[in-house]
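Okay, here's what each chain looks like letter by letter:
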Amino acid sequence: MTDTASTAPGVPVNRFKRALAAGQVQIGLWNSLASAVAVEVIAGSGFDWILVDMEHSPNDLPLLHGQLQALMGHPHTAPVVRPPWNDMVTMKRLLDLGVQTFLIPCVQNAQEAAAAVSHTRYPPHGVRGFASASRATAFGRIPGYWQRAHEEICVLVQVETVAALAEIEAIAAVPGVDGIFIGPGDLSASMGHLGQPSHPEVIATIDAAMKRIHATGQPSGFLTGDETLARRYLDMGSQFVAVGADLGLLARAADALSARFKAPRP
């Protein structure tokens, strides 16, 4: 007789969460193309994580499902999903798809951070809805999933306004928050430097915020296509840094190729 208990799958290990907890640097790439093919291509490049964006891309649940499937062939590249908002219903559906690591946009204070964490926990510790046969449970094949799922869930929160910066220590102290990400685009807009994430005042503010995050013991994260800036924050101790974006890579490479063969347009 087959021993079903010994062959049943367990809750998938979240290597990204464990790497952060161990102090290991994780280098990532932003993905906004909303394409399983694009994700499969960039997943073979060796990045530790890929941010699959739903906030600023034409991404939806069926497309995301395909992108997660495309990443299954690259177990050392972790998917990090950014939902459109800190919304319980959206996060419930992403959890059921098997998402384990979230980057939650525009978290303003400890209350909003605690709400984000609660969206990923079953009662009595949160408000996650119960589903008996979701993709996350291997369609009902993982025994004890509901008791252990939270152990492998990673909640990263974005601090990206002047008001949120003042709350860094309180946000960092929320149980279940696994890291704090500085959003340079929205932060620069909040500071009155719209479209200038590399403005000296913005950079000085980010420097100070990074130091405060590290003083709390939380890992910090950042996104930039500027290699010098990326290395600056890695040298400062930032642990999860996205060093480019698929849209930018594609656009710049296409522009450069076109420029080599065509005269500039008048």
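The model shown is predicted, which means the values in this text are computed figures rather than measured ones.

## Overview of the pattern of salt bridges
Inference 1: Under the defined criterion, the tally for this structure stands at 10 salt bridges.
Inference 2: A salt bridge links Glu151 to Arg148; the shortest N-O distance between them is 3.1 Å.
Inference 3: On the basis of relative accessible area, Glu151 is assigned to the partly exposed category, the value being 38%.
Inference 4: In this structure, Glu152 and Arg148 form a salt bridge, with 3.9 Å as the shortest nitrogen-oxygen distance.
Inference 5: The partly exposed category is assigned to Arg148, whose relative accessible area is 33%.
Inference 6: Members of the salt-bridge network, linked through shared partners, are Arg18, Arg148, Glu151 and Glu152.

## What to know about the packing of helix H3 (residues 36-43) against helix H4 (residues 61-71)
Inference 1: Relative to each other, H3 and H4 sit at 25°, their axes nearing to 8 Å. In this view, H3 runs roughly parallel relative to H4, as classed from their interaxial angle. Judged by the sense of rotation from one axis to the other, the crossing of H3 with H4 is right-handed. Of H4, the residues touching H3 (which contributes Ala36, Val39, Glu40 and Ala43) are Gly66, Gln67, Ala70 and Leu71.

Conventions and cut-offs
Residues numbered from 1 in each chain as written. Predicted model: local features only at pLDDT ≥ 70, side-chain atom pairs only at ≥ 80, totals over all residues. Heavy atoms only, no water. Salt bridge = Lys/Arg side-chain N within 4 Å of Asp/Glu carboxyl O. Buried < 20%, exposed > 50% of the residue type's maximum accessible area, 1.4 Å probe, protein only. Axes fitted to C-alpha atoms, helices over the stretch in contact; angles between N-to-C directions. Helix = DSSP H or I, 4+ residues; strand = E, 2+ residues; numbered from the N terminus. Parallel < 35°, antiparallel > 145°, perpendicular 65-115°, else oblique. Left-handed = near helix turned anticlockwise from the far one by under 90°. Contact = heavy atoms within 4.5 Å.

Just distances and angles here, no functional claims.
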